[in-house]
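Descriptive structure summary
Here is how the chains run, residue by residue.
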Amino acid sequence: MAAQFEILMHRLSILAEPMRLDILAVISSSGTCCASDILAHFDITQPTLSHHMSVLIENEIVTAVKSGRFMQYSINKKAVGELKQVLDALCEDNVAVAPPVKTENASEDKNRKKKKKSEKKKKDKKKKK
């Protein structure tokens, strides 16, 4: 349960970026779309969109399926549905949605995040080779 709660809270922080929420709105309005469809709605560069899409895909908020030369993006309804359940629970009377007791102190948490980021960079470098 603690791990699931942490994933949900992290996904909420991902959606706190206004551009990502706007991107999700575009994808939602069409069901499935490619990058050029999304770019048509914004005054951003393709690399900026690519960054936001990578974050959304990595956190399983958006799914990507290759269709010919293009990637087709759609909302991961299961992941977004889980977020909706947490938010709905906050609106109900007498229902507590509390985080699990945290066992790590702040410095351990920072070290874990740094290690994860370092591992991702190494993985990205291997992909480029």
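For the structure itself, look to the data block above.
The paragraphs below set out a description of the structure included in this document. Every chain is numbered on its own, with residues counted from 1 as its sequence reads. Where totals are concerned, whole chains, interfaces and linings use all residues; where local detail is concerned, this predicted model gives features only for residues with pLDDT of at least 70, and gives and counts side-chain atom pairs only at 80 or more. With hydrogens and water set aside, each side-chain value is computed from the structure's full complement of heavy atoms.

1. Side note on the sheet that holds strand β1 (residues 32-33)
- Here, any two strands with at least 2 DSSP bridges between them count as paired. Think of it this way: any DSSP run of H or I at least four residues long counts as a helix, any run of E at least two long counts as a strand, and we number them from the N terminus. The antiparallel open sheet is built from three strands, whose spatial order is β1-β3-β2. Edge strands, defined here as strands with exactly one partner in the open sheet, are β1 and β2 (62-67).
- Bridge count between β1 and strand β3 (residues 70-75): two bridges; the pairing is antiparallel. Its bridge partner lying in β3, Cys33 is registered against Tyr73.
- Sheet strands in contact with helix α2 (residues 18-30) are β1, β2 and β3, and its direction is about 95° off that of β3.
- Against the sheet, helix α4 (residues 46-58) makes contact with β2 and β3, and its axis sits at roughly 110° relative to β2, the strand it touches most. We call two residues in contact whenever any of their non-hydrogen atoms come within 4.5 Å of each other. Only the stretch in contact is used when a helix axis is fitted, and all axes are lines through C-alpha atoms; the angle between N-to-C directions ranges over 0 to 180 degrees.

2. Focus on the layout of surface pockets
- Empty space within the second largest pocket amounts to approximately 240 Å³.
- For the lining of the second largest pocket, the secondary-structure elements that each account for two or more residues are α3 (35-39), α4 and β3.
- For the lining of the second largest pocket, the element with the highest residue contribution is α4, accounting for six residues.
- Tallied by class, residues from the lining of the second largest pocket come to eight nonpolar, four polar and one charged. Space inside and on the surface of the protein is sampled on a 1 Å grid over the protein atoms alone, with a cavity defined as a set of points where a 1.4 Å probe fits but cannot get out and a pocket as an open set with protein on both sides within 12 Å along at least 5 of 7 lines; lining residues have an atom within 4 Å of a point. Grid points are joined across faces, edges and corners, and a volume is the space filled by probe spheres set on the points. Side-chain classes follow a simple rule in which Ala, Val, Leu, Ile, Met, Phe, Trp, Tyr, Cys and Pro form the nonpolar group, Asp, Glu, Lys and Arg form the charged group, and the remainder, Gly included, forms the polar group.

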